[in-house]
Amino acid sequence: MTALDTASQTSLKNIIVATDFSPTSKLALRYAAAIARHYHSKIFLVHAVEPKTYAFSQPETMDRTLDQLMTIAEQQMHDEAGTFPDLEPQECVQQGTAVEVVQKMVILNSIDLVGVGTHGTEGFGKLVLGSTAEKIFRQVGCPVLTVGPDVCGQDSIPELSHILLPADLLSDESRAVEYATSLTMQYKAHLTLLHVVIGTEPPLTEEIGVVIEPYRRRLEQLNATGSNLFYPPEYLIEFGQDAVTTILKVAKEQATDLIVLTVRRAEPWTSHLADKAYRLVAESACPVLTIPEPIRPTEV
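Residues numbered from 1 in each chain as written. Predicted model: local features only at pLDDT ≥ 70, side-chain atom pairs only at ≥ 80, totals over all residues. Heavy atoms only, no water.

### Topic: helix 6 (residues 174-187)
A rise of 1.5 Å per residue sets the reference length of helix 6, with its 14 residues, at 20 Å; its end C-alpha atoms lie 20 Å apart and thus fit the reference within 8%. Among the 14 residues that make up helix 6, 10 are buried, leaving the element largely enclosed by the rest of the structure. Residues Ala176, Val177, Tyr179, Ala180, Thr181, Ser182, Leu183, Thr184, Met185 and Tyr187 constitute the buried set of helix 6. A positive phi of about 50° marks Lys188, the residue just after helix 6. (Helix = DSSP H or I, 4+ residues; strand = E, 2+ residues; numbered from the N terminus. Expected span 1.5 Å × (residues − 1). Buried < 20%, exposed > 50% of the residue type's maximum accessible area, 1.4 Å probe, protein only.)

Okay, structure coming up:
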């Protein structure tokens, strides 16, 4: 199968953007809208009103409070959707947690991509919305595009001209490669596959070729169809003590527009990359597309 065949089979027909009307949520919608125009996707704009937040209200006022909040949210939703008249987003305000509402919408509407904004990290401690964003990309069964607070809010969303795929070479990266390839073909972008070797000092100059060659071959095997891309893919091996710091450094040096990352669903991750996925998402200066690792037969 060629990269072009893979790209044509990757479907992004239906996209959800989960919004809390914050700046990062609005930016996530703008990025999702740009992707929707390329893939001719339908967009659903959803907001969750969580009843338990008001559990301490008097019973006789709780229903009225929720009704008022639903009405306010519906108006905000309508205003936000109105900024993209060409896409005619379908608006949905529901009671429940953000994760519950998103998961329900994903199942009922055959969603291919979820967009969400996050407030990021504060001294490595997760903020409430950040935790919600992580739950979404861990628990939903489809790719999630997360926009963090360090993503610049330009007047217009830049085209995807450079995509970075960090690979830990331990996870099943096949779906991440599939989506990265599709986006690379769709946008005629440059693609870099990166592996970070952790806990090892960089080799001497005369030895570096021998040391990195096995990693490079594995990246090439991972992206076996890469020769059919519009531009030849780049295979990069870096050495560092912290995977996230190194990935973000490379992303900055290459003016990366999107990071595509494999994550394990709904359980602690074992690879040096996966267990730091949220930190990467929250600190990245560009959106991060997290792709759930395919379920192994023993996990079914």
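### Let's talk about the sheet that holds strand 11 (residues 258-263)
Pairing is mixed in the open sheet, where 10 strands are placed in the order 3-2-1-4-7-12-11-8-9-10. Only two strands of the sheet have a single partner each, and these edge strands are strand 3 (90-95) and strand 10 (234-240). Adjacent strand axes in the sheet meet at a mean angle of 25° when their direction is disregarded. Taken strand by strand, helix 7 (residues 208-222) contacts strand 9 (190-198) and strand 10, and its axis lies near 135° from that of strand 10. Packed onto the sheet, helix 8 (residues 243-253) meets strand 8 (162-166), strand 9, strand 10 and strand 11 and runs at close to 150° relative to strand 9. (Pairing = 2+ DSSP bridges. Axes fitted to C-alpha atoms, helices over the stretch in contact; angles between N-to-C directions. Contact = heavy atoms within 4.5 Å.)

### Some thoughts on the pattern of salt bridges
A full pass over the atoms with the stated rule returns 10 salt bridges. Among the ionic pairs, Arg216 bridges to Glu220, the shortest N-O distance being 3.2 Å. Remark: Glu220 and Arg216 occur in helix 7; sequence separation between them is 4 residues, near one turn of the helix. Arg216 sits in the partly exposed class, given a relative accessible area of 30%. Between Lys249 and Glu253 there is a salt bridge; the shortest N-O distance is 3.5 Å. Of the two residues, Lys249 and Glu253 are both situated in helix 8; the distance of 4 residues between them amounts to about one turn of the helix. Taken together, the shared-partner salt bridges connect Asp242, Lys276, Arg279 and Glu283 into one network. (Salt bridge = Lys/Arg side-chain N within 4 Å of Asp/Glu carboxyl O.)

### Concerning helix 8
For helix 8, the complete set of buried residues consists of Ala243, Val244, Thr246, Ile247, Leu248, Val250 and Ala251. Where helix 8 is buried, its residues touch strand 8, strand 9, strand 10, strand 11 and helix 9 (277-283). The positive-phi residue at the C-terminal boundary of helix 8 is Ala255, with phi of around 50°.

### So, the packing of aromatic side chains
With the rule as written, the count across this model stands at 1 aromatic pair. Plain terms: the ring middles of Phe230 and Tyr231 are 4.9 Å apart, the flat faces sit at 80° to each other, and that makes the pair edge-to-face. Owing to a relative accessible area of 30%, Tyr231 belongs among the partly exposed residues under this scheme. It is Lys188 that lies over the ring of Phe230; its NZ or CZ is 5.8 Å from the centre. (Phe/Tyr/Trp six-rings, centres within 6.5 Å; stacked < 30°, edge-to-face > 60°. Lys NZ or Arg CZ within 6 Å of the ring centre and 35° of its normal.)

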